[in-house]
Amino acid sequence: MTGTRQQGSGDATPAARAWIGRGTFQVLRHRNFRLYALGDGISLIGNWVQRVAIGWLTWQLTESGTWLGVVSFADLFPAILLSPIGGVIADRGDPQRMSLLSQMLAMSQATALFVLTWFGWLNIGGLVCLSVLRGSIAAYAPGGQTWEAGQWQNPQAAEVMQALQSGTDLDSRRAAFRKVLTILEREDPCYNVLHQNAT
């Protein structure tokens, strides 16, 4: 087809291809995976920086181990409680719009945490409320499996994956695993393997 560009090893510059080589970093030849890895890496780092900062801030405000536990509970409990409801909503809605909305809400929560802390307006009650909000937002964010369902389907791969997951014979599992990798490499080497398993 004229006018369309195949994405693959040609996306990387010659210098990048020389550095990437044929080892562990070979997957970085694919533009989509580089974009995914960069975005996911920044998001993951920001998520854990915020978790550590909230714990540290809790300690600075209260110097109490009990309050550290309460704030951690406030962050995790809404996700446990609301995840079934969030899963139903994510399954019925557009995953891209749900992801965008949840990321915007998470950014708003992080901005509120920053502003309240910067101006010295944050107390322990406000920190608990922001932690509950953060956990609630996380419950409604669609995961990688939700994304995958609408992005790519291959009946042959689904059958082989079912055999791989339910089989007990080591040799047949190895053969199924090789077959799955062959199918996924042919379809889209980075998105289908790495995106699904990294989330």
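Please refer to the structure placed before this passage.
Let us look at the structure shown here. (Residues numbered from 1 in each chain as written. Predicted model: local features only at pLDDT ≥ 70, side-chain atom pairs only at ≥ 80, totals over all residues. Heavy atoms only, no water.)

**Topic: the overall build of the chain**
Definition in use: Helix numbers and strand numbers start at the N terminus; a helix is a DSSP run of H or I with at least 4 residues, a strand a run of E with at least 2. Throughout this description, buried means an accessible area under 20% of the type-specific maximum (1.4 Å probe, protein chains only), exposed means over 50%, and partly exposed covers the range between. Accessible surface area values rest on a Shrake-Rupley calculation with a 1.4 Å probe, where residue burial reflects the displayed protein chains alone.
In terms of regular secondary structure, the chain is built from nine helices and zero strands. Listing each helix as α and each strand as β along the chain from the N terminus yields α-α-α-α-α-α-α-α-α. Expressed as a percentage of the 199 residues in the chain, the buried residues total 27%. As displayed, the chain offers around 13400 Å² of accessible surface, 63% of which is attributable to carbon and sulfur atoms.

**Quick word on a nonpolar patch on the surface**
Rules: Think of a patch as exposed residues, more than 30% relative accessible area, with no salt bridge, where like charges cluster within 9 Å and nonpolar side chains (Val, Leu, Ile, Met, Phe, Trp, Tyr) cluster within 5 Å. What counts as a salt bridge is simple: a side-chain nitrogen of Lys or Arg found within 4 Å of a carboxyl oxygen of Asp or Glu.
A cluster of nonpolar side chains, contributed by Phe114, Val115, Trp118, Phe119 and Trp121, occupies part of the molecular surface with about 640 Å² of accessible area. With respect to the element layout, tryptophan 118 can be found in helix 4 (residues 95-118).

**As for the pattern of salt bridges**
For the structure on display, the rule yields two salt bridges. Between arginine 51 and aspartate 75 there is a salt bridge, with the nearest N and O atoms lying 3.2 Å from each other. On the criterion of sequence distance, the pair formed by arginine 51 in helix 2 (residues 31-62) and aspartate 75 in helix 3 (residues 65-92) is long-range, its members being 24 residues apart. Residue classification places arginine 51 among the partly exposed positions, given a relative accessible area of 30%. A residue is classified by how much of its surface remains accessible, and aspartate 75, at 10% relative accessible area, is buried. Linked through salt bridges whose partners overlap, the residues forming this network are Arg51, Asp75 and Arg134.

**A few points about the packing of aromatic side chains**
Formally: Ring pairs shown here join Phe, Tyr and Trp side chains whose ring centres sit within 6.5 Å, with only the six-membered ring taken for Trp; geometry is labelled stacked below 30 degrees between planes, edge-to-face above 60, and tilted in between. As a reminder, the over-ring test applies to NZ of lysine and CZ of arginine, requiring each to be within 6 Å of the ring centre and within 35 degrees of the ring normal.
Here the structure, examined in full by the defined rule, presents three aromatic pairs. Geometrically, the ring pair formed by phenylalanine 119 and tryptophan 121 is stacked, given 4.9 Å between the ring centres and 20 degrees between the ring planes. Seen from the ring of tryptophan 48, arginine 51 lies directly overhead, with NZ or CZ sitting 5.1 Å from the centre.

**Describing the side chain of glutamine 109**
Note the threshold: As used in this structure description, the phrase polar contact means that two N or O atoms lie within 3.5 Å; if the pair is within protein, one of them must be able to donate a hydrogen and the other to accept it, and residues adjacent in sequence are counted only when both atoms belong to side chains. Only heavy atoms matter for contacts: two residues are in contact if any of them lie within 4.5 Å across the pair.
Along the chain, the position of glutamine 109 falls in helix 4. We classify glutamine 109 as buried; its relative accessible area is 2%. In this structure the side chain of glutamine 109 is engaged in a polar contact, spanning 3.2 Å, whose partner is the backbone oxygen of leucine 130. If we skip the residues at most four places from it in the chain, glutamine 109 touches Gln50, Leu130, Leu133, Arg134 and Ile137.

**Some details on the nonpolar core**
To keep things clear, this is the line we draw: Think of a nonpolar core as a cluster: buried Ala, Val, Leu, Ile, Met, Phe, Trp, Tyr and Cys residues, connected wherever their side-chain atoms sit within 4.5 Å.
By size, the foremost hydrophobic cluster in this structure holds ten residues: Ile54, Leu57, Val71, Ala74, Leu113, Leu122, Ile124, Leu127, Val128 and Leu130. For this core, the secondary structure elements donating two or more residues are helix 2, helix 3 and helix 5 (124-140). The greatest single-element share of this core, amounting to four residues, is contributed by helix 5. For leucine 130, the residues in contact, after removing those within four places along its chain, are Gln109, Ala112, Leu113, Leu116 and Leu122.

**Concerning the packing of helix 2 against helix 4**
A pair of packed helices is captured by two measures, namely the crossing angle of their axes and the spacing between those axes. This is how the line gets drawn: Each axis is a line fitted through C-alpha atoms, and for a helix only the stretch in contact is used; angles between axes span 0 to 180 degrees, taken between their N-to-C directions. Crossing handedness: left-handed means the near helix sits turned counterclockwise from the far one by under a right angle, and right-handed means the same turn made clockwise. Think of it as three bins: nonpolar holds Ala, Val, Leu, Ile, Met, Phe, Trp, Tyr, Cys and Pro, charged holds Asp, Glu, Lys and Arg, and polar takes everything else, Gly as well.
The contact between helix 2 and helix 4 brings their axes to 12 Å, and the two run at 35 degrees. Where helix 2 crosses over helix 4, the handedness of that crossing is left-handed. Side by side, helix 2 and helix 4 meet where Gln50, Ile54 and Leu57 of the first sit next to Gln109, Ala110, Leu113 and Thr117 of the second. Of the residues in the contact of helix 2 with helix 4, the class split is four nonpolar, three polar and no charged.

**Here we look at the environment of isoleucine 80**
Within the secondary structure, isoleucine 80 sits in helix 3. For isoleucine 80 and glycine 135, which are 55 residues apart along the polypeptide, the C-alpha to C-alpha distance reads 8.6 Å.

**What to know about helix 5**
Three or four residues apart is the spacing at which side chains of an α-helix point the same way, because the helix has 3.6 residues per turn. What counts, and what does not: Given the number of residues in a helix, its expected span is that number minus one, multiplied by 1.5 Å.
Helix length check: helix 5 (17 residues) gives 25 Å between terminal C-alpha atoms against 24 Å at 1.5 Å per residue, within 8%. Taken together, the buried positions of helix 5 are occupied by Ile124, Leu127, Val128, Leu130, Ser131, Arg134, Gly135, Ser136, Ile137 and Ala139. Elements in contact with the buried residues of helix 5: helix 2, helix 3 and helix 4. For helix 5, the side-chain oxygen to backbone nitrogen distance between the N-cap and glycine 125 is 3.2 Å, and the N-cap itself is asparagine 123.

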